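Residues per chain, in single letters:
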Amino acid sequence: MQTDFLVIGSGIAGLTYSLKVAKYYPEKQIIVITKTQADETNTKYAQGGIAGVWDEEKDSYDKHIEDTLIAGDGLCNEKIVEIVVKEGPERIKEIIEYGARFDKDASGEYSLGKEGGHSENRILHHKDVTGQEMERALLEEVERTHNIRLIKHCFVIDIITQHHLGYLVTKSTTDITCYGVYVLNVHSNAVEKITSKITLLATGGNGQVYRTTTNPRIATGDGVAMVYRAKGRIENMEFIQFHPTALFEPGVSPSFLITEAVRGDGGILRNKQGEAFMEHYDERKDLAPRDIVARAIDNEMKKNGTEHVFLDCRHMDKEKFIHHFPNIYQKCLSIGIDVTQQMIPVAPAAHYSCGGIKTDDMGRTSIKHLYACGECASTGLHGANRLASNSLLEAMVFGQRCFTDSTELIEEINNNNHFPSELPDWKAKGTTEPKEMILITQTRKELEQIMSDYVGIVRTDVRLRRAMRRLDLLYEETESLYRATKVSPQMCELRNLITVGYLIVKGAEFRKESRGLHYNTDHLEKSALLQNIIL
Ligand code: FAD
Ligand code: SIN
């Protein structure tokens, strides 16, 4: 298969870009690959909403910029923050044009929610299922767009570079170029190659590297691992955001999220004794940025020897609660909790990767002809801690920016005509069917355990060293299994997750300070040197 524009991922980032390109080049076919169902993405599970300056009387770009910078704890790229905040509202208008419906109040104005770290109400939402509504609108627009071919159940294994043509490629190679991808057709079990002039990685997050996560099964950090293997630049992987309030439901994975918007509407965190503890940690109490709330909960759980704290909504107006959060209300009822009568047991869960594939202000990665957008990318917006509801916004703003840049790049590629005439097929020689798939599942469990026990919300040098030694062993064993067996999505995901785990630990080891989401009790001070850890 050959194409000019190849997109990996059908979440908000991949679809925003694809629609832009397809509408601009109606004569070209855009290929979008996704590893399971089209809508099985982190995007679909987004609850709280999308941040944007909407009410210009009360709110302003400056306030949204300021809130983002404060949450990011010194590491945001100010230029990128300004770009995203200022270009965001235009992108939101576009998705509304595609058909996304955001809730309005009685006067017909958008009803704007509030979440941790926001100084104003600026979150547009669709009940408590905003992501599902946005994904629906995007997929329906894709269906209406004749020149997008969406290929489901295809697993991208690796990007193709000069390495596959037999050249030595190292971290110091300056012109590493992407020529397409190797992809496993999950139904036929065949590995095919797709050559492309321009490739966009929109592969989402990596929450599945932890035992408890809000992320669905697809969130295995594939894009980050592929770029790292191809010797591209990855940064700030130590900044894993733990959402403070995932529903505590032992044995259920992924964890069901209780959106921060519930606290925005008045929900109060209480410990085992029923005490509202957040006032002891931050003057913004329950609406402090996520890193602070998650650490406070972690501390309360450790102090009291409990596996969760409580979110108290009993004082909230029942009708309003059900109107804004129908999905949460129903989910809690389904496990025997009537939120108007009982408190909700909640605990932190891995939620969002602030770091990722390093990009510039147009979404270009360190590998030529390869863009990255959405959660897999590190644009500099989030710094050391993402402000709630800035992620969907970033994906749309950068979807547009990658598209704008691609229109120039495609001209340049066409004029230079330096695309290799022949790319090698996937080499499967010498590999056999895996004898024991159970080895893959067990290693994955071990990995999740290691990451959760040693690389969670509170870290120490000893814990990080322990994690690294254990990951080394898993890496060695898995690589030898990978070389000997036929490729499968399960095997590829395990490999990718081990790489992601390694990158998180490595980043955490390099960062000798506590900043934002990275908290190491052996280095509690903030370093005077503001630096991104590039791996
Ligand atoms: P995704 O939407 O995750 O899409 C990734 C795509 O890549 C999928 O289609 C997947 O199949 C594909 N893919 C991955 N690897 C491969 C591969 N190897 N081969 C082929 N395809 C592949 N953010 C907010 O701003 N507001 C919120 O309210 C909010 N709530 C959230 C609630 C939950 C429960 C979660 C999990 C996240 C939430 N977030 C929220 C974060 C936000 O939803 C995500 O960061 C964002 O949707 C990511 O979009 P994306 O397009 O980058 O990736
Ligand atoms: C939430 O609804 O609490 C999640 C919002 C986000 O992750 O930005």
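In this report, we go over the structure that sits alongside the text.

Calculation rules
By convention here, each chain's residues receive numbers from 1 onward along its written sequence. Whichever chain is written first is A, and whichever ligand is written first is 1; the rest continue in order. This being a predicted model, a pLDDT of at least 70 is required before a residue's local features are given, and a value of 80 or more before pairs of side-chain atoms are given or counted; all residues contribute to the totals for chains, interfaces and linings. To get the side-chain values, take all heavy atoms of the structure and skip hydrogens and water. Only a single heavy atom is needed: when it lies within 4 Å of a molecule or strand, its residue is near that molecule or strand. The definition of a polar contact used here is a pair of N or O atoms within 3.5 Å, where within protein one atom must be able to donate a hydrogen and the other to accept one, and adjacent residues in sequence count solely through side-chain atom pairs. In these tables, accessible area is a Shrake-Rupley quantity obtained with a 1.4 Å probe, and a residue counts as shielded only by the protein chains included in the view. Any residue outside Ala, Val, Leu, Ile, Met, Phe, Trp, Tyr, Cys, Pro, Asp, Glu, Lys and Arg is labelled polar, Gly included; the first ten of those are nonpolar and the last four are charged. In this scheme Phe, Tyr and Trp rings, the latter by its six-membered ring, pair at centre separations within 6.5 Å, and the angle between planes marks the pair as stacked below 30 degrees, edge-to-face above 60, and tilted otherwise. The way it works is that DSSP assigns letters per residue, a run of H or I at least four long becomes a helix, a run of E at least two long becomes a strand, and they are numbered from the N terminus. Residue exposure (1.4 Å probe, protein chains only): buried if accessible area is under 20% of the type maximum, exposed if over 50%, otherwise partly exposed. A positively charged side chain is recorded as over a ring if its NZ (Lys) or CZ (Arg) lies within 6 Å of the ring centre. The angle to the ring normal must also be within 35 degrees. Where helices are involved, their axes are fitted lines through C-alpha atoms of the stretch in contact, as for all axes, and angles between N-to-C directions lie from 0 to 180°. Angle categories are assigned with fixed cut-offs, so that under 35 degrees is roughly parallel, over 145 is roughly antiparallel, 65 to 115 is roughly perpendicular, and the rest are oblique. Crossing handedness follows the turn of the near helix against the far one: under a right angle anticlockwise gives a left-handed crossing, and clockwise gives a right-handed one. Contacts: residue pairs with any heavy atoms within 4.5 Å of one another. Helix span is expected to be 1.5 Å times the residue number reduced by one.

### Some thoughts on the site of ligand 2
Line of reasoning, step 1. Near ligand 2, the surroundings consist of Gln47, Gly48, Glu115, His243, Leu257, Thr259, Glu260, Arg290, His351, Arg386, Ala388 and Ser389.
Line of reasoning, step 2. Interatomic distance of 3.0 Å between a side-chain N/O atom of arginine 290 and an oxygen atom of ligand 2.
Line of reasoning, step 3. Arginine 386 is positioned such that a nitrogen or oxygen atom in its side chain is 2.7 Å from an oxygen atom of ligand 2.
Line of reasoning, step 4. Here ligand 2 loses 92% of its free accessible area of 250 Å² to cover by the protein chains.
Line of reasoning, step 5. For the shell around ligand 2, the class distribution of residues is 2 nonpolar, 6 polar and 4 charged.

### Overview of the packing of aromatic side chains
Line of reasoning, step 1. The final tally for this structure, using the stated rule, is 10 aromatic pairs.
Line of reasoning, step 2. Relative to phenylalanine 403, the ring of tyrosine 24 lies with its centre 5.4 Å away and its plane at 75°, an arrangement referred to as edge-to-face. Residue tyrosine 24 is located in helix H1 (residues 12–24), and its partner phenylalanine 403 is located in helix H11 (residues 391–416); the two are separated by 379 residues in the primary sequence.
Line of reasoning, step 3. On the basis of relative accessible area, phenylalanine 403 is assigned to the buried category, the value being 11%.
Line of reasoning, step 4. With a centroid separation of 5.1 Å and an interplanar angle of 55°, the aromatic rings of phenylalanine 321 and phenylalanine 325 are classed as tilted.
Line of reasoning, step 5. Directly above the aromatic system of tyrosine 352 lies the positively charged group of arginine 386, at a separation of 4.0 Å from the ring centroid.
Line of reasoning, step 6. When the ring centre of tyrosine 482 is taken as origin, the NZ or CZ atom of arginine 495, which lies over that ring, is 3.7 Å away.

### Some words on the packing of helix H12 (residues 438–454) against helix H14 (residues 489–510)
Line of reasoning, step 1. Across the interface, H12 lies against H14 with an axial gap of 10 Å and an inter-helix angle of 20°. Comparing their axes, H14 and H12 come out roughly parallel. H12 and H14 meet at a crossing whose hand is left-handed. Facing H12, whose interface residues are Ile440, Thr443, Arg444, Leu447 and Met451, H14 presents Gln490, Met491, Glu493, Leu494, Leu497, Ile498, Gly501, Ile504 and Val505.
Line of reasoning, step 2. Of the residues contributing to the contact of H12 with H14, the split by class is 9 nonpolar, 3 polar and 2 charged.

### Some points on H14
Line of reasoning, step 1. With 22 residues, H14 extends 31 Å from end C-alpha to end C-alpha; this agrees with the ideal 32 Å at 1.5 Å per step.
Line of reasoning, step 2. When you tally the buried positions in H14, you get 17 out of 22 residues, the bulk of the element.

### Quick word on the site of ligand 1
Line of reasoning, step 1. Around ligand 1 lies a shell of 38 residues, among which Thr43, Gly49, Asp222, Glu375 and Ser391 are the nearest.
Line of reasoning, step 2. Separating an oxygen atom of ligand 1 from a backbone N or O atom of isoleucine 12 is a distance of 3.2 Å.
Line of reasoning, step 3. Between a nitrogen atom of ligand 1 and a main-chain N or O atom of glycine 49, the distance comes to 2.7 Å.
Line of reasoning, step 4. Protein chains shield 99% of the accessible area of ligand 1, which is 1000 Å² for the free molecule.
Line of reasoning, step 5. When residues of the shell around ligand 1 are traced back to their parent elements, those giving at least two are H1, helix H2 (42–45), strand S6 (154–160), helix H6 (222–229), strand S13 (344–353) and H11.
Line of reasoning, step 6. Split into classes, the residues belonging to the shell around ligand 1 amount to 15 nonpolar, 19 polar and 4 charged.

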